[in-house]
Amino acid sequence: MTATTTPEQSGGVPAREISISEFGAQRAQGILANSGKENAGVRVFIKSGGCSGYQYGMAIDDRELEGDLIVVDRGVKLLVDRMSLPLLRGSEVDFVENMMGGGFTVNNPNATSACGCGSSFRTDSAQSPDGEGSGGCSSH
């Protein structure tokens with residue numbers, strides 16, 4: 001069964017499973033519009049790897065898989081698989097621009113430490129997967 005939520009649930013209390021910033025939504029809408037995929041969204045996921053144990057991943061996806069959490073925030077559909085959700089709960093997808101360029105990032109309240117490059121993280125409740133987490137920032 002697929003779970004779907006909207007940014008506001010009953011009583012006007014914002015749902016905080018996962019959200020996207022205003023600037024992130026603007027950038028995502030442009031990318032999605034040019035993707036050629038109807039009803040596509042941004043899939044946000046976690047995978048093992050990186051120097052801190054877990055890495056963020058994002059992809060344009062027009063599939064809604066069994067067990068996905070689907071959140072529509074600021075006009076952008078965000079899809080999160082059931083395995084990634086516990087590590088992403090409460091996170092905000094954002095787009096940042098700096099002197100090195102720009103890209104999407106995840107502001108994750110569950111991360112207790114992060115790699116210097118910001119693309120991998122660790123939580124207190126989760127150990128680094130066996131054999132992972134020692135490759136350095138350039139390993140992803």
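Keep in mind that what you see is a predicted model, and the values were worked out from it rather than measured.

(A) Representation of the pattern of salt bridges in the model. With the rule as written, the count across this model stands at 7 salt bridges. E17 is paired through a salt bridge with R89; the nearest N and O atoms lie 2.7 Å apart. Separated by 72 residues along the polypeptide, E17 in the loop between β1 (3–5) and β2 (18–20) and R89 in the loop between α2 (85–88) and β7 (91–98) bring together distant segments of the chain. Judged by relative accessible area, R89 falls into the partly exposed class, the value being 39%. Between E64 and K77 there is a salt bridge, and its shortest N-O distance comes to 2.9 Å. Placement of the pair is E64 in the loop between β4 (54–61) and β5 (69–73) and K77 in strand β6 (residues 76–80), with a sequence separation of 13 residues.

(B) Quick peek at unusual backbone geometry. Its identity is not glycine, yet N39 carries a phi of approximately 55°, on the positive side. With respect to the helices and strands, N39 occurs in the loop between α1 (22–33) and β3 (41–48). Since its relative accessible area comes to 60%, N39 is described here as exposed. Backbone geometry at R74 places phi at a positive 55°, although glycine is not the residue there. Among the structural elements, R74 can be located in the loop between β5 and β6. With relative accessibility at 41%, the residue R74 sits in the partly exposed group.

(C) Quick look at the confidence of the model for the chain. Averaged over every residue, the pLDDT of the chain is 79; the share at 70 or more is 67%. Of the regions scoring below 50 in pLDDT, residues 8–14 engages in 6 contacts with residues more than four places distant in sequence or in other chains. Note that pLDDT drops below 50 for residues 127–140; the model gives that stretch 25 contacts with residues more than four away or on any other chain.

(D) Just the nonpolar core, in detail. In terms of nonpolar packing, the biggest core is built from 21 residues, with I18, V44 and V76 touching the most fellow members. When residues of this core are traced back to their parent elements, those giving at least two are β2, α1, β3, β4, β5, β6 and α2. Sequence-distant contacts of V44, that is, excluding residues within four places in its chain, are made with I18, G57, M58, L78, L79, V80, D81, L88, V93 and V106.

(E) A look at the packing of aromatic side chains. Applying the stated criterion to the full structure yields 2 aromatic pairs. Between F23 and F95 the ring centres are 5.7 Å apart and the planes differ by 75°, which places this aromatic pair in the edge-to-face class. Of this pair, F23 sits in helix α1 while F95 sits in strand β7, and the two are 72 residues apart along the sequence. When the ring of F95 is compared with that of F104, the centres are 5.0 Å apart and the planes differ by 85°; the resulting orientation is edge-to-face. Chaining the aromatic ring pairs together yields one cluster made of F23, F95 and F104. Above the face of the F95 ring, R27 is positioned so that its terminal group lies 4.2 Å from the ring centre.

Criteria and cut-off values
- Residues numbered from 1 in each chain as written.
- Predicted model: local features only at pLDDT ≥ 70, side-chain atom pairs only at ≥ 80, totals over all residues.
- Heavy atoms only, no water.
- Salt bridge = Lys/Arg side-chain N within 4 Å of Asp/Glu carboxyl O.
- Helix = DSSP H or I, 4+ residues; strand = E, 2+ residues; numbered from the N terminus.
- Buried < 20%, exposed > 50% of the residue type's maximum accessible area, 1.4 Å probe, protein only.
- pLDDT = per-residue confidence, 0-100.
- Contact = heavy atoms within 4.5 Å.
- Core = buried A, V, L, I, M, F, W, Y, C linked by side-chain atoms within 4.5 Å.
- Phe/Tyr/Trp six-rings, centres within 6.5 Å; stacked < 30°, edge-to-face > 60°.
- Lys NZ or Arg CZ within 6 Å of the ring centre and 35° of its normal.

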